[in-house]
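What follows is the residue order along each chain.
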Amino acid sequence: MVLPLYLIFYFIAVSVSKESCDSPLVSALPQSAFTSSSELSNSHGPGFAKLNRRDGAGGWSPLNSNKYQWLEIKLEQRTEITAIATQGRYGSSDWLTRYLLMFSDTGHNWRPYRQEDSIGAFSGNSNADSVVMYKLQQPVIAQYIRILPLHWNPNGRIGLRLEAYGCQYKSDVVSFDGSAHLLFRPDPSVSLADRDVLSMNFKTLLNSGMLVHMEEHSGHSFTLELFRGKLLLQLRKGRGSSADFHPLVSLGSLLDDQHWHHIRVERIRGLVNFTVDKNTQQFQLPESWSHSEINEYLCLSQGNVSFTCTESIDVPVTFASPGSFLALPWVSGGESASVCLQFRTWNRAGLLMTFDLQHNKAVLAVYVKMISLMPVILPDPHACSLSLSTGASLNDGQWHSLELAVRRGRLAVTLDRTDSSTASTSFPVAPDSQLFLGGKSGSGCRNPFSVFQGCMRLIRTDGALVDLIRVQQMLFGNFSDLQMDMCGIVDRCSPSRCEHGGRCSQSWSTFHCNCSATGYSGATCHSSIYEASCEAYKHKGNTSGFYYIDMDGSGPIKPQLIYCNMSDKAWMVIQHNNTELTKLKASSGINQHLAHFNYSADAEQIQAIITQAEYCEQELSYHCKKSRLLNTPDGAPFSWWVGRSGEAHMYWGGAVPGSQQCACGLQENCVHPEHFCNCDADSKELNDSGLLSHKEHLPVRALAVGDINRSGSEAAYRVGPLQCYGDNNFWNAAYFNKETSYLHFPTFHGELSADISFLFKTSSSSGVFLENLGIKDFIRIELSSPTQVLFSFDVGNGPLEVKVETASALNDERWHHVRAERNVKEASLYVDHHPSAVQKAPADGHIHLQLNSQLFVGTASRQKGFLGCIRSLKLNGKTLDLEERAEITPGVTPGCPGHCSSYGDLCQNHGSCVEDHSGFTCDCSLSPFTGTFCHKDVSAFFKPGTSVTYTFKEPYKLNRNVSAQSSSIYSDLTLRGENVSLSFRTSQAPALLLYVSSYYREFLAILLNRNGHLDVKYKLQHNRDAEVFRASGRNLANGQLHRVSVQRLGETLNLIETQTQLFLIAESGEVDPEIARLNALGFTGCLSVVQFNSISPLKAALLYPDTSPVIVTGPLSESSCGSSLPTNPYAAETTHSLAVNAINSDSALIGGVIAVVIFVSLAALAVMARFLYRRKETFQPQEPKAEKTDDSPETPFNTDPNSQSIISDNQKEYFI
């Protein structure tokens, strides 16, 4: 939008060109320009308060040294003030140590100068003669200066000499009263510029009104409007009721305070900077407005115009503390009385006024509660009766008028001249002798209400305006802890310190941020509650699913819901609007098909994902019949795709960028060698498919498909989702091998909000992780002891420390997570999952952290350096590249191995942790489970006729025809122990669940008898009868999920029942008659998590049938039937003991005890059987294998039946 605003600029504000603005303003003034609240003597008068002067008593001192004293200076004219300097009274012990600086144009309605939003006080002197000067960050335009002492030398009195510095300020002034306007018509011959500026100052007592309206002949308009004390910048397209309004931005607050406020609107092409006072917002104009020319006319407000500024003198008073009150004498006027005033506040509740009632021991109290106004009659100190209420939303910071009128027994309350309520009383309601405003109630009652904190003005009693200047001079009434002739209300929500869309609310002294539904937490909604990648979620033990990903933590990029596919890699899957195969047919008149893809994440999020990822890919496939693709080798491509930057690419999936080839061209295996794509052969049905993996080009934003208009042409394309794995930031690490080593980075800029997070591991007892210094400010995080992390900083209020103590030592060479945050409200520190520590910021302290040195990871100061590893160091959401800097830094090496010590516990069900350069993986080869963390059960549903046979490979090949002598040699080879576990879900009884046998007809069987009870039947010598142990007296053939575990080691048999899954095992050949009968029945049900020592036969049959010694008979496929329900953590536990007959030493039977433990859950009865038995024959070990096997199809399946690598005496088979 082109705004020819130069006319306004010259008219409204004339900036005087000057080389400097630091001339003394006070020293040349006459004594009559100085006034004060009081003086100790004539020689201590205000006229002697000039810097470095020794006249009189050497400076100003008031009669009494208290917080109600003040010194005022009237400058010659309105002046730009840039600095202030103070000095104590010459040759004395009298000086100020802390004071407020106030400004005014009229000598009334003072405004305090704030160095920062929360800092109103200046630090003063430490002796009588030294000069302390402050340069004002924002120059002030005023004619009056007032100093209010806050603290002074405790061994002396208030004493002051001062000087102000600045220069003359001149500007043209125009005043409006609401009934006219100024109109400007720009010169149409002036060429339009790319940059326009509107600059002006204004002040007003009204909270709403039009300031500037600009319009062009077509109806486009620009409006700058004051609404409820805030400035609104709006665009409007069109006229009348059909106009299209575009509210662009709102800025500023409480601008109806009769003080000057600065506005600046700067347009640079389509970018606009909008400034109100010292706050600036930047925004982009809508595209439709970028070339609009508003050059018809410009209107400045409305009203009768005068070129002078008439000052309206109102004297407000501020009730700043719980002890603030104003007591006014009351002269009875008979049966009628009235009190009128205006007030503004942020608090939801507060006592406005009270007074004793005539002829009655009662008090009338008017208070704000729950954003409405309520008068209450207090007959006695312990009772209260509600008379009436009126108004709403009274704690919005706006001025509200209140009128309380009493006439002939009727009480009327009118709010904002419109809301009115009345009530009758049974006794006269008239003030007795005093009216109390603010926190103190009448003498007859204790105050049961919250005190009022806010401002009042225009106080009238019985229609007469109360002279608050006389009150200030203590000539009328009484008061305590009031700020006279000023309204000290501050809008702490403008600008809002709540980040990421947090909703700001406030009281008089503080603000609060509501972070609900933002995805962020903390006092200012600064820190993200989500992880930055799927990799981070994986290392917290999460499995596949949808997760919110916040790529830059506390940065500006919004969290996004993304699917994480947790396999061996943590894949981030970003879907778009068309991932299915899309078919195209020849159509006359259509030469090209163009498809656009809209992703579930926006462009900024996708770019961050790709940049942070280790690897990304996207499938691109094309199926064709008489439809050429890239028209290779020399023709112009018929199809292409558009990447992230909007550039068209002429290579296909599987090929390299710029090659104009498909995957088959790169691999030299196309159908026709003269072409670089299969589809370019222009013949039968073919396809070209592959993966795009050049990160700078991804994702595919659009696809153009040509050559589809010929007769018989058919084509289909598919663009898969964008998939990325790895997190370069998460594993970015450095190892510090010397205490004197450090890495340095640019200065950390976290003035108002700073968060720092990282992981560390060390064996050292202490050391500084990082620090950044300023002239006085600093920030540091360190390990101060093996069990304490310390976060310390200084923003100008003195050093503050936040500590977290841990029960266990942190120097255990395991990864520990640290997160520190500092904002304008508080500082917090988190270490792992230990309770956090929080330190509140001072209520009126400095809030800006000002650093100027480099940021050191480790330390370059005299502090003890850090020995160990630091990883994933983030400052305000940005990751520092430790590895890149470590490459060129002595004493520091990139990377840091040893992740299994911290993350190995994530590998479940006997899975083993395997180190990787960037993280770890879980090896599930020795576990019957699979999945990222060996957490996913492997299940199948069996029907009669389905079986799985697993054959162990033995080092000795046995022959059934060998002699008894030779076979006795092998009979001494036996397993030292077995560990068998299995799960089941069935409604069949009887049923054989598990059967293990050897050549010598020795066996172990787990079965359900005809009553559904679990039995364990075993035979350990062929010349002995089988033994049967009853594991449970409950019916387990109930369709619920159960788990059984059997272990043999030594002479004891234990059976434990718990919830999980089982399966059926049978044997061919000569078997026990009962086993044979059950086997003939077959098994119907679910089997899962089958394991014999380190062998998982069901897992081998389902997942690795080609590389495992398994034979599958009948239909078999993987199922989820074995998924278990969560166990009730408060389930009852019952234990049974069974005695087993002792066996002599030459017997093969087991001596010992059978223990049965039953856990009853809400979901199902779970059973676990566990027995230990030992053969009489000798045990002969075999050397363990040197290498462990991987749980992958490429690695031959482990055929050793013993996890300790012990061989068996006979060949065994599992039949499932």
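Residues numbered from 1 in each chain as written. Predicted model: local features only at pLDDT ≥ 70, side-chain atom pairs only at ≥ 80, totals over all residues. Heavy atoms only, no water.

As for the UniProt feature "domain: EGF-like" (unreviewed entry) in the protein chain
Here, the residues flagged by UniProt with the feature "domain: EGF-like" (unreviewed entry) are residues 489–526 and 897–935. This span, residues 489–526, is 0% helix and 26% strand, and a straight line between its end C-alpha atoms measures 26 Å. (UniProt positions renumbered as here; feature names shortened; annotations may be inferred. Helix = DSSP H or I, 4+ residues; strand = E, 2+ residues; numbered from the N terminus.)

A closer look at helix α4 (residues 603–612)
An α-helical turn contains 3.6 residues, so any two residues separated by three or four positions project in the same direction. Of all the positions in α4, only Q605, I606, A608, I609, I610 and Q612 are classed as buried. Buried positions along α4 lie against β39 (560–566), β40 (570–574), β43 (615–625) and β49 (722–725). For α4, the N-terminal capping position is held by D602, with its side-chain oxygen 3.2 Å away from the main-chain nitrogen of E604. (Buried < 20%, exposed > 50% of the residue type's maximum accessible area, 1.4 Å probe, protein only. Contact = heavy atoms within 4.5 Å. Polar contact = N/O pair within 3.5 Å; in protein donor to acceptor, adjacent residues only side chain to side chain.)

Thoughts on the packing of aromatic side chains
Any two aromatic rings considered together are summarised by their centre-to-centre distance and by the angle between their planes. Throughout the structure, instances matching the rule amount to 26 aromatic pairs. With a centroid separation of 5.1 Å and an interplanar angle of 55 degrees, the aromatic rings of F769 and F866 are classed as tilted. Taken as a pair, F769 in strand β53 (residues 767–773) and F866 in the loop between β60 (855–858) and β61 (868–875) lie far apart in primary sequence, 97 residues in all. As far as burial versus exposure is concerned, F769 and F866 are alike and both buried. Look at F791 and F793: their rings are 5.3 Å apart centre to centre, the planes differ by 35 degrees, and that puts the pair in the tilted class. Residue F791 shares its accessibility class with F793, and that shared class is buried. Among the aromatic residues, those joined into a ring-pair cluster are Y99, F103, Y113, F122 and Y134. Looking at R146, its charged tip hangs above the ring of W70, at a distance of 3.9 Å from the centre. Sitting over the face of the ring of W815, R871 holds its NZ or CZ atom 4.5 Å from the ring centroid. (Phe/Tyr/Trp six-rings, centres within 6.5 Å; stacked < 30°, edge-to-face > 60°. Lys NZ or Arg CZ within 6 Å of the ring centre and 35° of its normal.)

Digging into the nonpolar core
Within the largest apolar cluster, 50 residues are counted, with the highest numbers of intra-cluster contacts made by I549, Y622, W652 and L722. Counting 39 residues, the second-largest nonpolar core is a separate cluster that includes I756, V857, L875 and A886. (Core = buried A, V, L, I, M, F, W, Y, C linked by side-chain atoms within 4.5 Å.)

Brief notes about unusual backbone geometry
Excluding glycine, a negative phi dihedral is what most residues carry, and trans is how most peptide bonds are arranged. Residue P495 follows S494 across a cis peptide bond; omega there is -5 degrees. The omega angle of the peptide bond from L698 to P699 is 0 degrees, so this bond is cis rather than trans. Summarising the element assignment, P699 is placed in the loop between β46 (686–692) and β47 (702–706). With a phi close to 60 degrees, M474 is a non-glycine residue in the positive phi region. Of note in the backbone geometry, K626 takes a positive phi value of approximately 55 degrees without being a glycine. Within the element layout of this structure, K626 appears in the loop between β43 and β44 (640–642). We classify K626 as partly exposed; its relative accessible area is 35%.

Things to note about the layout of surface pockets
Empty space among the atoms can be located by rolling a probe the size of a water molecule over them. Size it by volume and the second largest pocket reaches roughly 1200 Å³. Lining the second largest pocket are 37 residues, and of these E531, K540, L759, H817 and H833 sit closest to its centre. Where the lining of the second largest pocket is concerned, the elements lending two or more residues are β37 (527–528), β52 (754–761), β57 (816–822), β61 and α7 (900–903). Here the residues of the lining of the second largest pocket are counted per class, giving 11 nonpolar, 15 polar and 11 charged. (1 Å grid on protein atoms, 1.4 Å probe; cavity = no way out; pocket = protein on both sides within 12 Å on 5 of 7 lines; lining within 4 Å. Points joined across faces, edges and corners; volume = space filled by probe spheres on them. Nonpolar A, V, L, I, M, F, W, Y, C, P; charged D, E, K, R; others polar.)

Observations concerning the environment of S336
Summarising the element assignment, S336 is placed in strand β21 (residues 336–344). Since its relative accessible area comes to 30%, S336 is described here as partly exposed. C-alpha of S336 to C-alpha of R410: the two residues are 74 residues apart in sequence and 9.3 Å apart in space. Leaving out residues up to four positions away in the same chain, S336 has contacts with V406, R407 and D462.

Focus: the sheet that holds strand β45 (residues 648–649)
Taken together, 4 strands build an open sheet; the order of strands is β42-β47-β44-β45 and the sheet is antiparallel. In the strand order of this sheet, the two ends are held by β42 (592–596) and β45, each with one partner. Inspection of the sheet shows β44 paired to β47 by 3 bridges, in the antiparallel sense. Looking at the pairing, W641 lines up with L703 of β47. (Pairing = 2+ DSSP bridges.)

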